[in-house]
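Spelled out from the first residue to the last, the chains are:
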Amino acid sequence: MKTIGIIAEFNPFHNGHKYLIEKAKKITNADNVVIVCSGNFVQRGTPAIFDKSVRTTAALLNGADVVLELPVIYSTASAETFAHAAVKLLDKLNCIDYLCFGCETDNIKALPMLSKILLEEPADYKNMLAVYLKNGFSYPKARAKALTDYCNENNILEGFMLNQILEKANNILAIEYLKALKKFHSKIKPLAIKRIGSSYDSDALDDKFASATGIRKALNSNQSINNFIPKKCIDIYEDINHVELNDFSTILGHQLIKTNDFSNYYDLSEDLSNRIKNLKSNFFNIESFIDELHSKNYTYAGISRVLCHIMLEILQNDVTQFINNDYFDFVRILGFKKDTKTIAKIKEHSSLDIISKFSTYYNNSTNETRKMLDINIRADELYRMVFMNKYNKIIPTEFERQICII
C-alpha cells in the first residue's frame, strides 16, 4: 500500500489541486494521499480565505485520505522553514513513500542540482550571496542571483534558463523540499509534477486551471469561481463566508501601538524593525502599510510574513528553540475519510503524538509542546474573532472543533 504526501495550503482548493492529486496517484500507483496543510494562516503571511475545516473538507472530497495541520509558526514562515518543517512532519510519520509537489518545471536535473548547491553552500556561492545582500537586494533575489552566477561560473546546468526557474514560487518551494529530504536523509522519494494553467500569482480567470491568487481576488470582488473549482467544492464554498487580510488591521494596529522594538519577532531584522517603528504612525490598514514598507530590500510576501508574526506574537527565540528540538513532537488530525486505513497506518508507525481529541492532549501537554499549542490557539482565536465580528456568526473554538470525517 503506497502512500503519497502532499504539502499544501488549498487557499482555496481548486482544479489545479485536484489535478495534482490525481496525477500523483496515477504516476506512483499509490493508494492513499496524506496532506500536510496550513491552518488558518498561510505562507504569504496572510489569513486563509476559508477556515481550515472548510479547506479540509474540500480536500477530502477530492482525493485526499487524511489531512494533517502544519503548526502556524511554520505555516507562516519563509519558504525554507515552511518546506523543512512540512517535510519533517511527513518524514516522522514513517509511512510516506512519495512527496509529490507541483512546480513550474518538472526538469529532473535542474531542481535536484540547485537544491544540492543550496544545501552544501560552497564558499564561492556564499561570497556571491553576501555581495548581493550588501548591495541591498532582498534575500530571495540575492540568492537567485548568486546561485545563477555560481552555476554559470562553474558550468553547471549549461543551457538552462536559471533565472526563469528561480523566479517562480513553486520552483523555489520544490528546491526547498528537495533540500529538506536530503538534509533529513529521508527515504521519501520526491516527485515533481509540472503545473498547468495560470501561473502561481496570476490574476487571469480565462483558464479552468486558474491560480489561487486569481480565485481569491474573484471571491473578494463577488465574482463566480465555479469554473475554477471541482464540482464537489461548489456547494461547500457557496454559503461560506471568507476573510481578507485587511479584516485583521485593527489587531495588527493594536500590536504596533503597544510595541516599540519589533526585532524579537520571528524573521524580523533590526533594520526592518526600525522601519516599522518609524512608519507605524501612518498605519491604517495592513495592505497599505505593506506598500509603504515595501522596498528593494524587502519583498511584499516577506513584509506580510513579519507583520503576521507581530500580529500573532510569534517570537524568534521560540521558533529557534522549536526547530533545534526537532521541530515538533505532535501532529493534529484535521480530517480523514471514514473508510481509509491510513489513519491506522500513521498511528502504528509515526514517531509523533497523534492528536485526535484536542482538549485531552492540550490538558496533558507541558513545556515546549504546550507553548506551541498556545501559539496555535491564539492564532485560531484571532481568526475566529475576526470572522465572527465580520459576519455576526458563531464558529467553534479549537477545543470545540470536530475532526472532519467524510
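Draft legend 1. Looking closely at empty space enclosed by the protein. Under the definition given, this model contains four cavities of 30 Å³ or more. As for the largest cavity, its lining consists of 13 residues, of which Glu69, Phe330, Arg332, Leu373 and Asn376 are closest to the centre. Counting only elements with at least two residues in the lining of the largest cavity, the list comes to β3 (66-70), β6 (330-336) and α19 (367-391). Counting residues per element, the lining of the largest cavity draws most heavily on α19, at five residues. Taken together, the residues of the lining of the largest cavity break down into eight nonpolar, one polar and four charged.

Draft legend 2. Region of the structure containing the nonpolar core. Formed by 107 residues in total, the largest nonpolar core has its most connected members in Leu93 and Ile276. It is α19 that contributes the most residues to this core, ten residues altogether. Non-local contacts of Leu93, meaning those with residues more than four positions away in its chain, are made with Val34, Leu68, Ile346, His349, Ser350 and Leu352. Of all hydrophobic cores here, the second largest spans 36 residues; its members include Tyr98, Ala218, Leu219 and Tyr237.

Draft legend 3. Just the packing of helix α4 (residues 79-93) against helix α9 (residues 169-183), in detail. Their axes nearest at 8 Å, the elements α4 and α9 cross at an angle of 50°. Between α4 and α9, the angle falls in the class oblique. Judged by the twist between their axes, the crossing of α4 over α9 is right-handed. Contacts between α4 and α9 involve Ala79, Glu80, Phe82, Ala83, His84 and Val87 from the first element and Ile172, Leu173, Glu176, Tyr177, Lys179, Ala180, Leu181 and Lys183 from the second. Along the lines of polarity and charge, the residues of the contact of α4 with α9 split into nine nonpolar, one polar and four charged.

Draft legend 4. Fine view of the pattern of salt bridges. Per the stated rule, a full pass over the model turns up 18 salt bridges. We note a salt bridge from Arg401 to Asp51, for which the minimum N-O separation is 3.0 Å. Here the residue Arg401 occupies a position in the loop between α19 and β8 (404-405), and Asp51 occupies one in the loop between β2 (32-38) and α2 (52-60), the gap between them amounting to 350 residues. Accessibility expressed as a relative area gives 15% for Asp51, which makes it buried. When the shortest N-O distance is used, the salt bridge between Glu398 and Arg401 registers 2.7 Å. Classification of Arg401 as buried rests on a relative accessible area of 14%. Taken together, the shared-partner salt bridges connect Asp51, Lys52, Glu69, Arg332, Asp380, Glu398 and Arg401 into one network.

Draft legend 5. Layout of the state of the cysteines. A complete count under the given rule lists zero disulfides for this structure. With no disulfide partner, Cys95 has as its closest neighbouring cysteine sulfur the one in Cys100, 14 Å distant. Free cysteine Cys151: the closest other cysteine sulfur is in Cys103, separated by 17 Å. Accessibility expressed as a relative area gives 0% for Cys151, which makes it buried.

Draft legend 6. Inspection of the environment of Leu178 at higher detail. Topologically, Leu178 is positioned in helix α9. Among the residues examined, Leu178 registers a relative accessible area of 8% and is labelled buried. Taking C-alpha positions, Leu178 is 31 Å from Ile403, a pair spaced 225 residues apart along the chain.

Draft legend 7. Representation of the packing of aromatic side chains in the model. Counted by the stated rule, this structure contains 19 aromatic pairs. Plain terms: the ring middles of Phe283 and Phe289 are 5.3 Å apart, the flat faces sit at 85° to each other, and that makes the pair edge-to-face. The two residues Phe283 and Phe289 agree in class, both being buried. Each residue in the set Tyr74, Phe184, Tyr327 and Phe328 is aromatic and connected to the rest through ring pairs, giving one cluster. Directly above the aromatic system of Phe184 lies the positively charged group of Lys88, at a separation of 4.2 Å from the ring centroid. The side chain of Arg332 reaches across the aromatic face of Phe358, ending 4.2 Å from its centre.

Draft legend 8. Seen up close, the environment of Ile172. As for its placement among the helices and strands, Ile172 is situated in helix α9. Each C-alpha atom, one on Ile172 and one on Asp271, is 25 Å from the other, the two residues being 99 residues apart in sequence.

Draft legend 9. Focus on the pairing of β3. With five of five residues buried, β3 lies mostly within the body of the structure. In β3, alternate side chains face the same way, and those of Val66, Leu68 and Leu70 on one face and Val67 and Glu69 on the other are all buried. Here five bridges tie β2 to β3, and the two strands are oriented parallel to one another. In the strand pairing of β3, Ile35 is matched with Val67. Since β2 and β3 lie parallel, the crossover through α2 that links them has a hand, and here it is right-handed. Across four bridges, β3 lies against β6 in antiparallel orientation. What sits directly across from Glu69, in β6, is Arg332.

Draft legend 10. Layout of the side chain of Asn285. Mapped onto the fold, Asn285 is located in the loop between α13 (270-279) and α14 (286-293). With a relative accessible area of 18%, Asn285 lands in the buried category. A distance of 3.3 Å separates a polar atom in the side chain of Asn285 from the backbone nitrogen of Glu287. At a separation of 2.8 Å, a polar atom in the side chain of Asn285 contacts the main-chain amide nitrogen of Ser288. Apart from residues lying up to four places away in sequence, Asn285 is in contact with Asn246 and Ser249.

What counts and what doesn't
Residues numbered from 1 in each chain as written. Predicted model: local features only at pLDDT ≥ 70, side-chain atom pairs only at ≥ 80, totals over all residues. Heavy atoms only, no water. 1 Å grid on protein atoms, 1.4 Å probe; cavity = no way out; pocket = protein on both sides within 12 Å on 5 of 7 lines; lining within 4 Å. Points joined across faces, edges and corners; volume = space filled by probe spheres on them. Helix = DSSP H or I, 4+ residues; strand = E, 2+ residues; numbered from the N terminus. Nonpolar A, V, L, I, M, F, W, Y, C, P; charged D, E, K, R; others polar. Core = buried A, V, L, I, M, F, W, Y, C linked by side-chain atoms within 4.5 Å. Buried < 20%, exposed > 50% of the residue type's maximum accessible area, 1.4 Å probe, protein only. Contact = heavy atoms within 4.5 Å. Axes fitted to C-alpha atoms, helices over the stretch in contact; angles between N-to-C directions. Parallel < 35°, antiparallel > 145°, perpendicular 65-115°, else oblique. Left-handed = near helix turned anticlockwise from the far one by under 90°. Salt bridge = Lys/Arg side-chain N within 4 Å of Asp/Glu carboxyl O. Disulfide = S-S within 2.5 Å. Phe/Tyr/Trp six-rings, centres within 6.5 Å; stacked < 30°, edge-to-face > 60°. Lys NZ or Arg CZ within 6 Å of the ring centre and 35° of its normal. Pairing = 2+ DSSP bridges. Right-handed = clockwise from strand over helix to strand, strands pointing away. Polar contact = N/O pair within 3.5 Å; in protein donor to acceptor, adjacent residues only side chain to side chain.

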